[in-house]
Amino acid sequence: MFEDFRLDRIRLSEATLRVRSGGSGPPVLLLHGHPRTHATWHKVAPLLAERHTVVCPDLRGFGQSSKPPDTPDHAGSSKRAKARDCVELMDHLGFERFAIVGHDRGAYTAFRAALDHPEVITHLAVLDAVPIAEALGRCDARFARAWWHWFFFGQPEKPERAILADPDAWYRNTPGKAAQMGAEAYADYRAAIHDPATVHGMVEDYRAGLGIDRDHDEADRRAGRKVRCPTLVLWALQDDLEDLYGDVLAVWKPWAADLRGHGIDSGHHLAEEAPAELAAALLDFLHGG
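All figures in this text were calculated on a predicted structure; none of them were measured in a lab.

**Some words on the overall build of the chain**
Helix and strand content of the chain: 15 helices and eight strands. Over its C-alpha trace the chain gives a radius of gyration of 17 Å, about what one expects of a compact globule, namely 19 Å for 289 residues. Taken along its principal axes, the extent of the C-alpha atoms in the chain is 45 × 45 × 40 Å. The burial tally for the chain puts 56% of its 289 residues in the buried class. Restricting the contact set of the chain to residue pairs at least 6 apart, pairs at least 24 apart contribute 74%. Of the accessible surface of the chain, which amounts to about 11,800 Å², a share of 50% is contributed by carbon and sulfur atoms. Computed over 34 positive and 43 negative side-chain charges, the separation of the two mean positions in the chain equals 3 Å.

Quick look at the structure:
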């Protein structure tokens, strides 16, 4: 897994991140979603590394990266705080500007990085997500039925107790999932979901989403801020984004000045289920296609 990539622990001003990096060329930062770690990218990263320097961290709160202290507003788990980590991490590695790709919860951090640091982010790609403010503002019975975990994870204490009672049952782990992910990535993911501190950190990400992250999105909406860099939106045709929103690009249009995107024939975890198609789409985007 990640042949010829380095594995480091990098101390930043607000967090210590576990980071995998490799390749050469223009830098691209890959951000995982819930409940994964950076290992979710192990099939895609080598394909991108043929033309790019590829950096894959565990987000703060996830995997083996440090966990932020709890506060009433969950600010340490906000996407704004995680975006600061991204910019500081890449600067530490010698990159003043870089492309950023985020899947699922990582897409919200990537989006926030592009809004908060327009002078740094050259390209933004978001996978299987719409902005948090859009998801919550459009919430209806269908959304609540399909994405009920957003609201359950927002409750105090109960989510952690429910998950940790039987993490493998909660996340529906099967031999098929292990085969799809690959043995090493699956072992890394299972270590994360069995660790109480990591489960708490992952749930805190959702608590921040229901409050402070939505507030940040709404403030940007009122101010008329948009992502300035080229933006690619990709979504899984076998997941429910089209069912919930119909025209996914129409949801994103108010947020990005230079927008394109399409669906990929895959389930939710595109990097594990359709790595070649995903890598091809990202390379086409990053090289002006």
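**Some remarks on the UniProt feature "domain: AB hydrolase-1" (unreviewed entry) in the chain**
UniProt marks residues 26-273 with the feature "domain: AB hydrolase-1" (unreviewed entry), using the numbering shown here. Helix makes up 48% of residues 26-273 and strand 14%. Its end C-alpha atoms lie 26 Å apart.

**A closer look at the nonpolar core**
Within the largest apolar cluster, 61 residues are counted, with the highest numbers of intra-cluster contacts made by L29, I100, L124 and W150. The element that contributes the greatest number of residues to this core is helix α3 (residues 105-116), accounting for seven residues. Once residues lying within four places of it in the same chain are set aside, the contact partners of W150 are R105, Y108, I132, A135, L136, F143, Y206 and L210. One finds V44, A45, V101 and L278 within the second-largest nonpolar core, a separate group that totals 29 residues.

**As for the pattern of salt bridges**
Applying the stated criterion to the full structure yields 24 salt bridges. Among the salt bridges present, the one from E160 reaches R207, with a minimum N-O distance of 2.9 Å. Here the residue E160 occupies a position in helix α7 (residues 158-165), and R207 occupies one in helix α11 (residues 196-223), the gap between them amounting to 47 residues. Both residues of the pair, E160 and R207, belong to the buried class. A salt bridge links E204 to R207, with the shortest nitrogen-to-oxygen separation between them at 2.9 Å. Within this pair, E204 and its partner R207 are both found in helix α11, separated by three residues, close to a single helical turn. A network of salt bridges, in which partner residues are shared, links R80, R112, D116, D217, D220 and R225.

**Quick look at the sheet that holds strand β2 (residues 16-23)**
The strand order β1-β2-β4-β3-β5-β6-β7-β8 describes an open sheet built from eight strands, whose pairing is mixed. Because the sheet does not close on itself, it has two edges, and the strands there are β1 (6-11) and β8 (259-264). Going from strand to strand, the sheet's axes swing by 20 degrees on average, the running direction of each strand aside. Here strand β3 (residues 27-31) pairs with strand β4 (residues 53-57) via three bridges, running parallel. Among the inter-strand pairings, L29 is bridged to a residue of β4, identified as V55. Helix-sheet contacts for helix α2 (residues 79-92) involve β1, β2, β3, β4 and β5 (98-103), and the interaxial angle to β3 is about 140 degrees.

**Here we look at empty space enclosed by the protein**
Applying the stated criterion to the full structure yields four cavities of 30 Å³ or more. Approximately 70 Å³ is the volume attributed to the largest cavity. If you list the elements that add at least two residues to the lining of the largest cavity, you get α2, α3 and α11. The residue makeup of the lining of the largest cavity, split by class, is three nonpolar, one polar and five charged. In this model, the second largest cavity occupies a volume close to 60 Å³. G33, R36, T40, W41, H103, H269, L270 and A271 together form the lining of the second largest cavity.

Definitions and cut-offs
Residues numbered from 1 in each chain as written. Predicted model: local features only at pLDDT ≥ 70, side-chain atom pairs only at ≥ 80, totals over all residues. Heavy atoms only, no water. Helix = DSSP H or I, 4+ residues; strand = E, 2+ residues; numbered from the N terminus. Rg over C-alpha atoms; globule rule 2.2 N^0.38 Å. Buried < 20%, exposed > 50% of the residue type's maximum accessible area, 1.4 Å probe, protein only. Contact = heavy atoms within 4.5 Å. Areas by Shrake-Rupley, 256 points an atom, 1.4 Å probe, with all protein chains shown as cover. Lys, Arg positive; Asp, Glu negative; His and termini not counted. Charge placed at Lys NZ, Arg CZ, Asp CG, Glu CD. UniProt positions renumbered as here; feature names shortened; annotations may be inferred. Core = buried A, V, L, I, M, F, W, Y, C linked by side-chain atoms within 4.5 Å. Salt bridge = Lys/Arg side-chain N within 4 Å of Asp/Glu carboxyl O. Pairing = 2+ DSSP bridges. Axes fitted to C-alpha atoms, helices over the stretch in contact; angles between N-to-C directions. 1 Å grid on protein atoms, 1.4 Å probe; cavity = no way out; pocket = protein on both sides within 12 Å on 5 of 7 lines; lining within 4 Å. Points joined across faces, edges and corners; volume = space filled by probe spheres on them. Nonpolar A, V, L, I, M, F, W, Y, C, P; charged D, E, K, R; others polar.

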